Amino acid sequence: MAVHETFRLHSTPDAYIFETLDGDDNELLIIDRVSQEIKLEANQGQIPVSATTRTVYGIFGVIRLLAGPYLVVITKREKTGELDGHTVWKIKQTEILPYQRTVHHLNEIQQQDNEMYVSMVDNVLRTDSYYYSTSLDITHTLQRLHNTSPEFLQLPLHERADQRFVWNTHLLREFAQQQELKKYCLPILHGFIEMKSTTIKGISFEYVLISRRSCFRAGTRFYMRGLDIEGNSANYVETEQIIVIDGNKCSFVQTRGSIPLFWSQKPNIKYKPVPVINNSLSHMDAFQNHFMSQVYNYGKQICINLIDQKPPEAQLETTFAQVVNNSQNTNVRYEAFDFHHECRKMRWDRLSILIDRLADEQKQFCYFMVRRDGSVVTQQDGIFRTNCMDCLDRTNVVQSLLARRSLQEQLEKLGILSAGERVEDQRSFETMFKSVWADNADACSVQYAGTGALKTDFTRTGKRTKLGLLRDGANSLIRYFKNNFTDGFRQDSIDLFLGNYIVEEQSGISKPSPFRQGRDRKFLLLALLAISLVAFTLCILSVLLPVDNLSEQFVYILFWGSASVVPLAIIFMYGQEFVDHPRLAQAKTKTE
């Protein structure tokens with residue numbers, strides 16, 4: 001069942017009135033800004049002439065903050081492409097509209113906190129790569145959709161959507177509770193979608209890449225690692241590669257997700273914090289929960305682990321291997337490949353060692369293929385679950401290689417490529433293929449780590465370059481800054497948006513502000529850095545300026561040198577005190 005696509009939004013001091021511009025429904029959706037009631041009414045000309053009118057393209061939902069409910073609407077969109085005749089849109093701009101006309105019912109501190117909450121919601125909405133379709137379920141793979149019942153396909157989009165990948169479930173809850181509002185409940189996907197029309201040997205077809213980011217255990221790079229008790233994995237992404245040729249469709253699905261153990265890697269000013277495994281919790285229980293879901297959704301699992309097999313990452317590799325072996329799950333196999341060691345000195349051609357080791361199982365897992373008449377030729381019976389430390393850079397490189405190998409088989413099956421012909425030799429297509437996978441890497445990386453991906457020069461060109469190394473260095477520095485000094489706010493924003501933290505509206509009862517608990521040590525950090533910089537400058541001057549008394553010069557150098565080093569030592573010794581910590585949901589939970 002399709003969702004309404006376009007509205008005129010009429011705003012008055014007392015109501016938000018949505019008038020549909022598609023379909024034959026002569027109805028209005030009215031949100032009473034005073035009583036907060038949401039209802040449908042027949043359109044009988046009750047829209048006030050004085051109303052402010054604009055065009056909107058969907059309702060993201062409603063979120064409740066200190067001042068009351070806020071309505072989020074889509075105000076700008078961009079067509080991504082079409083699949084099976086259904087249009088897929090990318091959200092380019094949203095607007096947050098308050099129910100309350102003023103915030104005078106809040107005291108000064110509450111007003112400041114409410115502004116903080118609004119900025120958090122805006123921060124999440126401004127993160128790129130939200131997608132939707134009003135008529136196509138883009139949260140499910142082609143194979144899952146094909147294997148469902150006709151009754152399932154008749155359900156409203158928000159009810160049949162895979163809840164792992166619906167990022168506005170929390171915001172839609174008030175609409176979803178009213179069955180009559182089903183045509184207004186638009187499920188939003190966060191991740192990456194690219195649709196390209198391309199040709200090989202003069203044969204035209206559609207190439208589609210979809211990455212679906214899970215909203216379970218979502219967050220930022222260092223504040224969200226490993227599993228939770230239910231088995232949800234941090235930075236879990238399902239990626240589906242689709243080709244559509246003359247009505248025939250092929251699909252190949254992979255997943256990525258944080259190492260499925262209880263572990264953390266909290267930022268502490270150091271460039272790369274040491275990962276810590278929490279053995280006080282049962283890895284096996286959460287591991288089994290995770291792979292029970294994985295096997296149910298995808299079939300057999302090959303866990304490709306790309307992390308270093310030397311300290312400090314080695315402890316994670318060893319523990320992961322032990323848990324897989326101890327689980328005695330015949331549907332899960334472990335495959336370790338020390339990416340950095342094997343590909344050292346820019347020998348990225350050695351990735352073929354891993355891909356060749358997986359070749360037999362990739363043939364066995366196959367891919368999903370359905371003819372234009374609806375007959376299924378093959379189904380995908382297993383999946384590769386790939387991870388590195390962040391499930392971003394190394395992971396994307398390996399996933400793109402597995403995707404290309406699957407694509408090779410599909411194009412041969414469809415008669416586009418003959419035996420001996422390779423996808424890599426189709427220059428125009430290969431350039432597009434590499435570009436799409438590199439863009440996918442950047443999108444996933446921005447959402448989790450705050451910057452574009454590393455190693456995309458290999459994905460885009462097929463080789464590692466010195467310019468690529470320089471870009472990676474710049475991105476690494478930006479990641480370092482964001483992960484230490486802005487990710488607490490970003491983690492809070494995600495938790496607020498997804499409903500992991502619920503704000504209670506104020507009704508005359510003053511509650512402690514979460515933003516004023518604990519001391520903010522940023523000013524102390526800046527002071528220590530300033531002292532170190534001034535002292536270092538004076539130390540250099542003491543070395544360069546000529547003096548008559550060498551012993552006096554030595555004392556000056558020793559004093560100012562020590563004065564420049566001691567503040568830095570304090571910063572690194574108490575690094576966790578200076579980083580930007582989450583203050584909402586993650587502040588209340590025990591570190592796993």
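In the block above lies the structure referred to throughout.
Report follows, based on the coordinates.

Cut-off values and rules
Residues numbered from 1 in each chain as written. Predicted model: local features only at pLDDT ≥ 70, side-chain atom pairs only at ≥ 80, totals over all residues. Heavy atoms only, no water. Helix = DSSP H or I, 4+ residues; strand = E, 2+ residues; numbered from the N terminus. Rg over C-alpha atoms; globule rule 2.2 N^0.38 Å. Buried < 20%, exposed > 50% of the residue type's maximum accessible area, 1.4 Å probe, protein only. Contact = heavy atoms within 4.5 Å. Areas by Shrake-Rupley, 256 points an atom, 1.4 Å probe, with all protein chains shown as cover. Lys, Arg positive; Asp, Glu negative; His and termini not counted. Charge placed at Lys NZ, Arg CZ, Asp CG, Glu CD. Disulfide = S-S within 2.5 Å. Expected span 1.5 Å × (residues − 1). Pairing = 2+ DSSP bridges. Axes fitted to C-alpha atoms, helices over the stretch in contact; angles between N-to-C directions. Patch = residues over 30% accessible without salt bridge, like charges linked within 9 Å, V, L, I, M, F, W, Y side chains within 5 Å. Salt bridge = Lys/Arg side-chain N within 4 Å of Asp/Glu carboxyl O.

**Looking at the overall build of the chain**
So, point 1. Along the chain, the regular secondary structure elements total 18 helices and 20 strands.
So, point 2. A compact globule built from 592 residues would reach a C-alpha radius of gyration of about 25 Å, and the chain, at 27 Å, matches this within 12%.
So, point 3. Burial analysis of the chain (592 residues in total) assigns 55% to the buried set.
So, point 4. Counting only contacts in the chain whose residues sit at least 6 apart along the sequence, the fraction spanning at least 24 positions is 68%.
So, point 5. Total accessible area computed for the chain in this model is approximately 26,300 Å², and 54% of it derives from carbon and sulfur atoms.
So, point 6. Measuring between centres, the 66 positive side-chain charges of the chain sit 5 Å from its 68 negative side-chain charges.

**Observations concerning the state of the cysteines**
So, point 1. Enumeration according to the criterion identifies 0 disulfides in this entry.
So, point 2. The closest cysteine sulfur to the non-disulfide-bonded cysteine 343 is located on cysteine 388, 12 Å from its own sulfur.
So, point 3. Here cysteine 343 falls in the buried class, since its relative accessible area comes to 4%.
So, point 4. Of all cysteine sulfurs, the one in cysteine 391 lies closest to cysteine 444, which takes part in no disulfide; the gap is 10 Å.

**A look at helix α15 (residues 487-498)**
So, point 1. Between the first and last C-alpha of α15 there are 16 Å, a value that for 12 residues agrees with the 16 Å anticipated at 1.5 Å per step.
So, point 2. Of all 12 residues making up α15, 11 are buried, and the element is well covered by its neighbours.
So, point 3. Downstream of α15 by one or two residues, glycine 499 has phi in the positive range, about 85°.

**Quick look at the sheet that holds strand β4 (residues 38-42)**
So, point 1. Within the open sheet, the 5 strands sit side by side as β4-β3-β2-β1-β5. Their pairing is antiparallel. With partners counted over all chains shown, the strands left at the sheet margins are β4 and β5 (52-56), one partner each. Strand-to-strand twist across the sheet, computed as the mean angle between neighbouring axes with direction ignored, equals 25°.
So, point 2. The pairing of strand β1 (residues 7-11) with strand β2 (residues 15-20) spans 5 bridges and is antiparallel. In the sheet register, serine 11 faces β2, and the bridge partner there is tyrosine 16.

**Regarding the side chain of glutamine 410**
So, point 1. Following the sequence through the fold, glutamine 410 ends up in helix α11 (residues 393-413).
So, point 2. Glutamine 410 sits in the buried class, given a relative accessible area of 0%.
So, point 3. Excluding residues within four positions of it along the chain, glutamine 410 makes contact with Ile243, Cys250, Ser251, Phe252 and Tyr367.

**Remarks on a nonpolar patch on the surface**
So, point 1. A contiguous nonpolar surface patch, about 510 Å² in accessible area, is contributed by Phe523, Leu526, Leu529, Leu568 and Phe572.
So, point 2. Contributions of two or more residues to the nonpolar patch are made by α16 (522-544) and α17 (550-573).
So, point 3. Top element by residues in the nonpolar patch is α16. It accounts for 3 residues.
So, point 4. With respect to the helices and strands, leucine 529 occurs in helix α16.

Worth remembering: the numbers are spatial, not functional.
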